[in-house]
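Architecture and fold: a report
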Number of protein chains: 2
Amino acid sequence: MTEMQDMPGHLARRFQQIAVAVFLAEVEAAGFDLTPVQYAALAAIAANPAIDQITLAGLIAYDRTTITGVIDRLAQKGLVVRRASARDRRSRELLITDEGRRTLEAITPAVEAAQRLMVRGLSGAEAKELVRLMRKAIAAANELSRAPLREGAAER
Amino acid sequence: MTEMQDMPGHLARRFQQIAVAVFLAEVEAAGFDLTPVQYAALAAIAANPAIDQITLAGLIAYDRTTITGVIDRLAQKGLVVRRASARDRRSRELLITDEGRRTLEAITPAVEAAQRLMVRGLSGAEAKELVRLMRKAIAAANELSRAPLREGAAER
DNA sequence: CCTTATTGATCAGTATGCTGATCATCAGTA
DNA sequence: TACTGATGATCAGCATACTGATCAATAAGG
């Protein structure tokens, strides 16, 4: 493991770097301006109307301090709106707008194309195995980051 | 692939997030304050004395504008020095200091421990396969990012 | 030798991610 | 009910990454 190229950490950084570049290129080619992080948040809000920011952060494993800026930018683009919660005045309910929904639908082919492109060096079986192994490694180390995934978040 | 959890891009981000958290925790527990990025740069400078910043960037696949700040911080910590090149007055030669070398040696066990910890959910064979698949996917998409790896950089 | 293109380094600006703090609000308990 | 602890959101500050620009210096060509 002395060689950098054999270290999982180094490869993780590099693969993520490529994944982001491919995503941005495909999305821009489709005529949109949305980052991977913004896309994930938008999709999660669409699937969970009136979700609050903390629960959203748990769903997509974002740090709670990061989500504030991401939502700011989505709101600035008119794709989501923040609404005060009646139940708890501390929390904000997030809703996707009509334009957000249109954007999400229109952008999906580019997102899927990006997913294929970033593993274009692998066979179909290899790509599936890579996904399986990453999921397994992530599941075992989930609690080691400040922003763990919270699967059951929707049932709160 | 409709599910976020099956998208290579999402998993790449999550795995990298965990890799960084594990690295920082192990390194801090060992009594050091160095980021994964700073470690990779320090190790590359140690192995390639008097390397210039662009070549270094190619070796570890960093963007050229990112490397400036990373070297700033390594220099500020006294681990490396910048020296004007006699051959080309535009470029800076990077050298590791004695303290840099001591730090690199002392920190290595923590770095290796972190590499094992971030794949602790996988068997040995699975971890090896994950590394192989990431390397293969990265190799095929190397040129898609702004900061591609430049293997032959040392022979320039 | 002189013009032109290229290159090494840096900078401004923007977007993640994190640490640690603050503030308002809520929930549970004495 | 009053107090105490926990929680949702945000902020300041720092470290990656990137886009695109600038500047000095070098290389390549005629």
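Before any of the text, the structure's been laid out above.
Residue indices begin from 1 for each chain and proceed along its sequence in written order. Here the convention is simple: chains get letters from A, ligands get numbers from 1, in the order in which they are written. Side-chain atom pairs in this predicted model are given and counted only at pLDDT of 80 or more, local residue features only at pLDDT of at least 70, and totals for whole chains, interfaces and linings cover all residues.

Placing chain B over chain A gives an RMSD of 0.0 Å and needs a rotation angle of 180°, together with 0.0 Å of translation along the axis. What we have between these two chains is a two-fold relation. With C-beta atoms placed from the backbone, a contact is any residue pair whose C-beta atoms sit within 7 Å. An overlap of 100% is found between the interface residues of chain B and their copies at the interface of chain A, pointing to a shared contact surface. To line up the copies, we fit them by least squares on C-alpha atoms, keeping just the residues with pLDDT of at least 70 in both.

On to unusual backbone geometry. Non-glycine residue Ala61(A) carries a positive phi angle of around 60°. Counting from the N terminus, the helices are the DSSP runs of H or I reaching at least four residues and the strands are the DSSP runs of E reaching at least two. Tracing the chain through its elements places Ala61(A) in the loop between helix 3 (53-60) and helix 4 (64-76). Notably, Ala50(B) is not glycine yet its phi reads approximately 65°, a positive angle. Positionally, Ala50(B) belongs in the loop between helix 2 (36-47) and helix 3 (53-60). Every C-beta atom is placed from the backbone, and the number of other C-beta atoms within 10 Å of a residue's own sets its class: buried at 20 or more, exposed at 12 or fewer, partly exposed in between. Judged by local crowding, Ala50(B) falls into the exposed class, with 12 C-beta atoms found within 10 Å.

Taken together, the contact pairs 50 residues of chain B with 50 residues of chain A. Elements represented by at least two residues in the side of chain B that touches chain A include exactly helix 1 (8-29), helix 2, helix 5 (98-117) and helix 6 (124-141) of chain B. With 15 residues, helix 1 of chain B is the largest single contributor of residues to the side of chain B that touches chain A. Any residue that is not Ala, Val, Leu, Ile, Met, Phe, Trp, Tyr, Cys, Pro, Asp, Glu, Lys or Arg is counted as polar, Gly included; the first ten are nonpolar and the last four charged. Per-class residue counts for the side of chain B that touches chain A are 32 nonpolar, eight polar and ten charged.

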